[in-house]
Amino acid sequence: MAPPIPLLAVRGSDGTSLLCGPPQCEPHFAFQRDPRPSRCVTFSRDGTLFSWCNGQKVSVVKPSDGSTASSFELPKTALLGFSPLGSILVTWQPYSKTADSSQGDANLQLWDVASGQLIKALYQKKVDSWCPSWSEDEKICVRSVNNELHFYENNDFNAIANKLHMQKVSDFEVSPGGQPSKVAVYVPGSKGAPSFVRLYQYPVLGGPTAALANKSFFKADRVSMQWNRKATAVLVTASTEVDKTGASYYGEQTLHYLGVNGETALVQLPKNGPIYDVAWSPNSAEFCVVYGFMPAKATIFNLKCDPVFDFGTGPRNAAYYSPQGHILVLAGFGNLRGQMEVWDVKKYKQVSKPQAPDATYFSWCPDGEHVVTATCSPRLRVSNGFKIWHYTGSVLHQWDVEAGSELWEVQWQSFPDGCFPERPIKYQAAPSQLGTTQAPPTQAYRPPALRHLPATASSKLHEEEPPQNMRPAGEKVLSKSALKNQKKREAKKAAKQEAKSEPEPQSDSAPISNSQSEMSSGDPEMDKKIKNLKKKLKAIEELKEQQGAGKVLQKNQLEKMQKEEQLLKELSELQVTQ
């Protein structure tokens, strides 16, 4: 049986339409375009339902034949969502008070899709975490209410089945997959206490001893939590609004790992700077991090948080795995030029390097063969439109809005896992009448004074790092502690070899014993100062060796290294006065 053809929903100032997926991208025969501008669109998780609100009503249709499943007179609806099995439609409209009711109307409503009946009306003032979270079998539903979590069972919203009694729960994330369901909970720090994330398995929610894993940390104004597909681990990106060191405009980020087996770790990133993106591989065994001051690095880590492959440096700030997990796209959108690097993650080989300038949106098609890039308003109000690409870099379809119109959103129809099998990766560009847009080779900026001179390594603004396999074939995978000890041994060995290679000082005087190896000035106070300075310089040398071995140094250690020149100057002045 041939796989289905995915649909693409297009929402803009000219209305809402459904297009048959790549490569034709023609209007869907069973859906009549709605000419009224829509506030929101969404597909159910299995793709069998499509809903949108056009400012007059909310409609739910079956994309397969265009038949109407249900309709609701909710003109102010601003957000839509389906439960995982598509049995419930969730609608949200901005909260407001009326003259008749100081409390206002319930603005979060849960509707039975089959009957069109209202199941429950709730209050949800904030847009953050507006939609309840379900387990994939809909046996558990979770809502955040007044900084605590309310659990409902089997879609019975008339009775709270369980509560997580914990003060100031700021965010949560329910695990994917079936039972037993797990939930990751974030509580921000206060009054000098650290922030923390805990993992619980429903229904055991009582106290810190019931937690599957617990990770506390400072420097967190907000967090982003991501479960892997198998629900065995969570990645937590902790961010601060302001970097107190002044090194970054984007604040400061750290990445933490929590496993349901209780293991936790701080993911060590070799390059300083912001964390732009974190993405789990669909195989749940590795994840990719894009980080560091531009040009940014991208590295794949395993579940031990050890680096597996480093993609080097480049103009990138996002990572996207294909739904099958066999292809990874590293891209630079927003304030970057839209360069995309398409990688075969099994062979760690680059497939193509297309470029999508001014793109504000990227998404994989469920078939794992095509992607869509779009320039949407209000992020950019000019050059609105979208392109359908083959991952080899070929542009298969391009659509630009007419003058005076805007594109607001594009969205692929979703499908259950396994609908589209993984296909062998091709390296030759797919045939296309629109051709390819491979990124031209870039040259480093050179100041005008150097442009008439031959290019040298010293004229580069930064060092470009090539991709490298961090775990060569046949090499034994070391634990974090073993890797740390190995780096220490290598640094110590390098220091000994350097000491042996230094020429011995020639002297006409008789050899002196080890106890008299330090020359005395005759002034005990000055000798003590010289000894202390040499001790500090030796410590700085050790820090340099550790940094060279890949260790991430603390702020106070970096400050100590910056004093090296001053200490050398003081030492030379003291030795001159001897």
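### Digging into the overall build of the protein
Piece 1. When helices and strands are tallied, the protein shows four helices and 36 strands.
Piece 2. Among the 578 residues that make up the protein, the fraction classed as buried is 43%.
Piece 3. When the accessible surface of the protein is totalled, it reaches about 32000 Å², and 51% of it is carbon and sulfur.

### Concerning the pattern of salt bridges
Piece 1. As enumerated under the stated definition, the model contains nine salt bridges in all.
Piece 2. The salt bridge involving Glu-422 is made with Lys-346; its shortest N-O contact spans 2.7 Å. Of this pair, Glu-422 sits in the loop between β35 (407–412) and β36 (468–469) while Lys-346 sits in the loop between β29 (340–344) and β30 (349–352), and the two are 76 residues apart along the sequence.
Piece 3. What makes Glu-422 partly exposed here is its relative accessible area of 40%.
Piece 4. Salt-bridge contacts for Arg-381 lead to Glu-406; the nearest nitrogen and oxygen are separated by 3.1 Å. One end of the pair, Arg-381, is in the loop between β32 (370–375) and β33 (385–390); the other, Glu-406, is in the loop between β34 (395–400) and β35, and 25 residues separate them in sequence.
Piece 5. Under the relative-accessibility criterion, Arg-381 is labelled exposed at 54%.

### So, the sheet that holds strand β6 (residues 68–72)
Piece 1. Strand order in the open sheet formed by four strands is β3-β4-β5-β6, and the pairing between neighbours is antiparallel. Either end of the sheet is taken by a strand with one partner, and the two such strands are β3 (40–43) and β6. Across the sheet, the axes of successive neighbouring strands diverge by a mean angle of 10°, strand direction being ignored.
Piece 2. The pairing of strand β5 (residues 58–61) with β6 spans four bridges and is antiparallel. Of the residues in β6, the one forming a bridge with Ser-59 is Ser-71.

### Here's the deal with the confidence of the model for the protein
Piece 1. Taken as a whole, the protein shows an average pLDDT of 82; of its residues, 83% reach a score of 70 or greater.
Piece 2. Scored below 50 in pLDDT, residues 474–478 makes six contacts in the model with residues more than four places away or belonging to other chains.
Piece 3. Counting interchain partners and residues more than four positions distant, the pLDDT-below-50 stretch residues 503–518 has two contacts.

### Some points on the packing of aromatic side chains
Piece 1. For the coordinates displayed, the defined rule picks out 19 aromatic pairs.
Piece 2. Taking the centre distance of 5.6 Å and the plane angle of 20° together, the rings of Phe-50 and Trp-52 count as stacked.
Piece 3. For Phe-50, a relative accessible area of 0% gives the class buried.
Piece 4. Relative accessible area serves as the criterion here: at 7%, Trp-52 is assigned to the buried category.
Piece 5. By way of ring pairs, the aromatic residues Phe-31, Phe-43, Phe-50 and Trp-52 are connected into one cluster.
Piece 6. Over the aromatic face of Phe-196 sits the side chain of Arg-198, whose NZ or CZ is 4.1 Å from the ring centroid.
Piece 7. Sitting over the face of the ring of Tyr-427, Lys-349 holds its NZ or CZ atom 4.5 Å from the ring centroid.

### Considering the sheet that holds strand β7 (residues 79–82)
The strands that make up a sheet pair up through hydrogen bonds in the backbone, lying either parallel or antiparallel.
Piece 1. An order of β7-β8-β9-β10 is seen for the four strands of this open sheet, with the pairing classed as antiparallel. Looking at the sheet topology across the chains shown, the edges are occupied by β7 and β10 (118–122). Averaged over neighbouring strand pairs, the angle between their axes works out to 15° when direction is ignored.
Piece 2. The sheet contact formed by strand β8 (residues 88–92) and strand β9 (residues 108–112) spans five bridges and is antiparallel. By the bridge assignment for β9, Trp-92 is matched with Leu-108.

### Some details on the pairing of β8
Piece 1. By the criterion of burial, β8 is predominantly enclosed, with five of the five residues buried.
Piece 2. A two-sided burial pattern is seen for β8, the buried positions comprising Ile-88, Val-90 and Trp-92 on one face and Leu-89 and Thr-91 on the other.
Piece 3. Counting the residues between successive antiparallel strands, the hairpin from β7 to β8 contains five residues, one of them, Gly-86, with a positive phi of roughly 75°.

### Quick notes on the nonpolar core
Piece 1. Leu-149, Phe-151, Leu-164, Met-166, Val-183, Val-185 and Tyr-200 are the most contacted members of the largest nonpolar core, which has 18 residues in total.
Piece 2. Going through the elements one at a time, β12 (140–145), β13 (148–153), β15 (171–174), β16 (182–187) and β17 (195–201) are the ones with two or more residues in this core.
Piece 3. With three residues, the single largest contributor to this core is β16.
Piece 4. Grouped together as the second largest cluster of nonpolar side chains are 16 residues, Phe-309, Tyr-321, Leu-330 and Val-345 included.

### Details of the environment of Glu-252
Piece 1. Of note, Glu-252 is situated in strand β21 (residues 252–259).
Piece 2. Distance from Glu-252 to Ile-275, taken between C-alpha atoms, is 8.3 Å for residues 23 residues apart in sequence.

### Observations concerning the environment of Cys-53
Piece 1. When you line up the elements, Cys-53 lands in strand β4 (residues 50–53).
Piece 2. By relative accessible area, which is 0% here, Cys-53 ends up buried.
Piece 3. The spatial distance from the C-alpha of Cys-53 to the C-alpha of Ala-78 is 7.7 Å, given a sequence separation of 25 residues.
Piece 4. Setting aside residues up to four positions removed in sequence, Cys-53 forms contacts with Pro-37, Ser-38, Arg-39, Cys-40, Val-58, Leu-74, Pro-75, Thr-77 and Leu-80.

### Considering the side chain of Ser-135
Piece 1. One can find Ser-135 in the loop between β11 (133–134) and β12.
Piece 2. Given a relative accessible area of 0%, Ser-135 falls into the buried group.
Piece 3. Reaching out from Ser-135, the side chain makes a polar contact with the side chain of Gln-179 at a distance of 3.5 Å.
Piece 4. Discounting chain neighbours no more than four positions away, the residues touching Ser-135 are Pro-84, Ile-140, Val-174, Gln-179 and Ser-181.

### Some words on unusual backbone geometry
Piece 1. Backbone torsion omega between Gln-179 and Pro-180 reads 0°, so that peptide bond is classified as cis.
Piece 2. Looking at the element boundaries, Pro-180 is found in the loop between β15 and β16.
Piece 3. A cis amide bond links Met-294 with the next residue in sequence, Pro-295, at an omega value of 0°.
Piece 4. Along the polypeptide, Pro-295 turns up in the loop between β24 (286–291) and β25 (296–302).
Piece 5. In this structure, Ser-284 takes a positive phi of about 65° despite not being glycine.
Piece 6. Tracing the backbone through its elements, the reader meets Ser-284 in the loop between β23 (275–280) and β24.
Piece 7. Owing to a relative accessible area of 3%, Ser-284 belongs among the buried residues under this scheme.

Conventions used here
Residues numbered from 1 in each chain as written. Predicted model: local features only at pLDDT ≥ 70, side-chain atom pairs only at ≥ 80, totals over all residues. Heavy atoms only, no water. Helix = DSSP H or I, 4+ residues; strand = E, 2+ residues; numbered from the N terminus. Buried < 20%, exposed > 50% of the residue type's maximum accessible area, 1.4 Å probe, protein only. Areas by Shrake-Rupley, 256 points an atom, 1.4 Å probe, with all protein chains shown as cover. Salt bridge = Lys/Arg side-chain N within 4 Å of Asp/Glu carboxyl O. Pairing = 2+ DSSP bridges. Axes fitted to C-alpha atoms, helices over the stretch in contact; angles between N-to-C directions. pLDDT = per-residue confidence, 0-100. Contact = heavy atoms within 4.5 Å. Phe/Tyr/Trp six-rings, centres within 6.5 Å; stacked < 30°, edge-to-face > 60°. Lys NZ or Arg CZ within 6 Å of the ring centre and 35° of its normal. Core = buried A, V, L, I, M, F, W, Y, C linked by side-chain atoms within 4.5 Å. Polar contact = N/O pair within 3.5 Å; in protein donor to acceptor, adjacent residues only side chain to side chain.

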